[in-house]
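# Topology and contacts: notes
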Amino acid sequence: MVSAQFPRFRSILDQFSPYKPGHTVSAPDGRSFKLSSNESPFAPLPSVVKVIAEAAGQVNRYPDNGSVELTEAIAARFGVPASHVAVGCGSVGLAQQLLEAVGEPGAEVLYAWRSFESYPTLSDLAGVTSVRVPLRGETHDLAAMADAITDRTRLIFVCNPNNPTGTVVHRAELEWFLGRVPEDCLVVLDEAYSEYVRDAGVPDGISLYRDRANTAVLRTFSKAYGLAGLRVGFMVAHEPVVDAVRKTKLPFTVNALGQVAAIASLEAEPELLERVEAVVKERVRVRGELLAQGWTVPPTEANFVWLRLGDGGLRPRGSERPAARHRRRARVDRRSRGQRHFAGGRQGVSPPALSPDSDRVP
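These lines cover the structure that appears in this document, whether it is placed above or below. (Residues numbered from 1 in each chain as written. Predicted model: local features only at pLDDT ≥ 70, side-chain atom pairs only at ≥ 80, totals over all residues. Heavy atoms only, no water.)

### A look at the nonpolar core
Judged by nonpolar contacts, the single largest core of 51 residues is most densely connected at Leu70, Ile74, Ile156, Phe177 and Phe221. Broken down by element, this core gets its largest block of residues, six residues, from helix 9 (residues 256-267). By size, the runner-up hydrophobic cluster in this structure holds 26 residues, among which are Ala95, Leu99, Tyr111 and Ala237. (Core = buried A, V, L, I, M, F, W, Y, C linked by side-chain atoms within 4.5 Å. Buried < 20%, exposed > 50% of the residue type's maximum accessible area, 1.4 Å probe, protein only. Helix = DSSP H or I, 4+ residues; strand = E, 2+ residues; numbered from the N terminus.)

Okay, here's the thing in structure tokens:
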């Protein structure tokens with residue numbers, strides 16, 4: 001008979017549930033399109049599939065823990081020293097490593113809300129205090145975020161384009177904000193959707209990090225490069241930041257198939273970016289159709305669109321039962337570790353990782 005006494009675990013685990021990815025739907029006609037995870041709608045390129053198949057014959061061996069060839073390929077592609085590149089299990093894996101690197105009692109992590117869904121959970125698990133600054137006009141309120149910085153702030157996430165709203169911050173305001181951040185506080189520019197950006201006013205974070213020792217840039221191969229199932233991301237930052245992240249990395253966390261696939265994807269980048277351009281065109285078309293129907297849809301530079309929710313569900317302006325507007329208090333939430341708070345509940349939904357089948361979304 002099993003004892004009634006069970007092992008003790010961290011109390012913080014009682015505050016949230018395990019991560020739940022988007023559900024895979026099943027249509028009556030057998031044609032289903034999962035849009036909830038912002039994945040690429042396109043299968044990997046044949047050249048990428050080829051190197052994956054070849055590498056599969058060697059999976060009895062551990063992968064290169066340092067991801068040396070991939071690191072060098074990323075460095076060459078973006079014109080940075082290899083010592084400024086860290087590879088991880090998706091950009092979210094690197095975010096976790098960064099939080100582990102700064103996390104200690106009393107430390108604060110600052111980010112906009114609503115933003116990337118994993119920031120609160122990863123912060124809680126790292127034992128840091130989340131400081132959440134409400135969005136303004138569906139995008140980062142950088143002035144309010146600057147005012148929220150204290151001597152306890154150790155790390156700041158700026159998700160650009162923002163997930164889930166798709167909105168962006170521009171160069172002038174971002175440079176102003178970076179100038180307000182103390183030099184001993186790390187700013188992480190989370191740019192998982194950077195390949196989809198067409199707004200010329202949005203800076204490439206890699207151009208900003210070069211002369212800023214406290215700025216890091218996160219990118220991923222999961223979205224535009226279509227390797228979500230292999231979990232590969234990377235960070236570009238100065239050596240002290242890279243060294244800290246490598247110390248918090250789980251050994252062999254980037255598998256061998258992911259490493260060769262990412263290298264092959266960089267080599268096939270022109271072909272992959274043609275697919276990205278197709279998604280961008282679809283993004284423009286879908287947003288235009290929604291606006292024409294009376295929906296409120298903020299400009300998006302990602303591969304999805306953002307619609308607000310009301311208590312009656314999603315409805316366009318002028319419908320019989322218009323969605324009630326949610327009011328969000330313009331305040332900063334400084335939450336102790338072990339607590340999670342979503343003021344006003346979920347404010348919207350970002351359905352479509354846009355694809356040629358976007359019109360099939362009910």
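That shown, we press on.
### Overview of empty space enclosed by the protein
A water-sized probe rolled over the atoms picks out the places where empty space is left. Counted according to the given criterion, the structure contains two cavities of 30 Å³ or more. Along the walls of the second largest cavity sit Ser40, Phe42, Tyr196, Ala224, Tyr225, Gly226, Leu272, Arg275, Val276 and Val279, which together make up its complete lining. (1 Å grid on protein atoms, 1.4 Å probe; cavity = no way out; pocket = protein on both sides within 12 Å on 5 of 7 lines; lining within 4 Å. Points joined across faces, edges and corners; volume = space filled by probe spheres on them.)

### Topic: the side chain of asparagine 303
Locating asparagine 303 in the fold gives a position in the loop between helix 10 (269-292) and strand 8 (307-308). Take asparagine 303: its relative accessible area is 1%, and that puts it in the buried class. Only 3.1 Å separates the side chain of asparagine 303 from the backbone oxygen of asparagine 38, close enough to count as a polar contact. (Polar contact = N/O pair within 3.5 Å; in protein donor to acceptor, adjacent residues only side chain to side chain.)

### Concerning helix 2 (residues 68-78)
Turning to helix 2, its buried residues are Leu70, Thr71, Ile74, Ala75 and Phe78. Along the axis of helix 2, the buried positions cluster into a sector of 135°, meaning they face one direction only. Away from its buried face by more than 90 degrees, helix 2 exposes Glu69 and Ala76. On its buried side, helix 2 packs onto strand 1 (85-88), helix 7 (205-209), strand 6 (215-220), strand 7 (233-236) and helix 9. Trailing helix 2 by a residue or two, glycine 79 shows a phi angle of about 65°, which is positive. (Arc of directions from axis to C-beta. Contact = heavy atoms within 4.5 Å.)

### Here we look at the packing of aromatic side chains
Throughout the structure, instances matching the rule amount to nine aromatic pairs. Ring plane angle 90° and centroid distance 5.4 Å describe the contact between phenylalanine 116 and tyrosine 119, whose orientation is recorded as edge-to-face. Both rings, one in phenylalanine 221 and one in tyrosine 225, keep their centres 4.9 Å apart while their planes meet at 55°; by these two values the pair is tilted. By relative accessible area, which is 5% here, tyrosine 225 ends up buried. The structure contains a cluster of three or more aromatic residues connected by ring pairs, namely Tyr111, Trp113, Phe116, Tyr119 and Phe157. The cationic tip of arginine 77 hangs over the ring face of phenylalanine 78; the distance from NZ or CZ to the ring centre is 4.5 Å. Taking the ring centre of tryptophan 113 as reference, the NZ or CZ of arginine 132 above it sits at 5.6 Å. (Phe/Tyr/Trp six-rings, centres within 6.5 Å; stacked < 30°, edge-to-face > 60°. Lys NZ or Arg CZ within 6 Å of the ring centre and 35° of its normal.)

### Things to note about the packing of helix 3 (residues 90-102) against helix 4 (residues 118-125)
The N-to-C vectors of helix 3 and helix 4 enclose an angle of 35°; their axes lie 9 Å apart at closest approach. Helix 3 and helix 4 meet at a crossing whose hand is right-handed. Between helix 3 and helix 4, the contacting residues are Val92, Ala95, Gln96, Leu99 and Glu100 on the first element and Ser118, Leu122, Ser123 and Leu125 on the second. Classifying every residue of the contact of helix 3 with helix 4 gives five nonpolar, three polar and one charged. (Axes fitted to C-alpha atoms, helices over the stretch in contact; angles between N-to-C directions. Left-handed = near helix turned anticlockwise from the far one by under 90°. Nonpolar A, V, L, I, M, F, W, Y, C, P; charged D, E, K, R; others polar.)

### Brief notes about the pattern of salt bridges
Enumeration according to the criterion identifies 15 salt bridges in this entry. Across the pair arginine 171 and glutamate 175 runs a salt bridge whose closest N-O atoms are separated by 3.2 Å. Taken as a pair, arginine 171 and glutamate 175 lie in helix 6 (residues 171-180) at a separation of four residues, close to a single helical turn. What makes arginine 171 partly exposed here is its relative accessible area of 33%. Between arginine 198 and glutamate 277 there is a salt bridge, with the nearest N and O atoms lying 2.9 Å from each other. Of the two residues, arginine 198 sits in the loop between strand 5 (186-190) and helix 7 while glutamate 277 sits in helix 10, which places them 79 residues apart along the sequence. The partly exposed category is assigned to arginine 198, whose relative accessible area is 38%. What you see here is one network of salt bridges that share partners, running through Glu108, Asp151 and Arg152. (Salt bridge = Lys/Arg side-chain N within 4 Å of Asp/Glu carboxyl O.)

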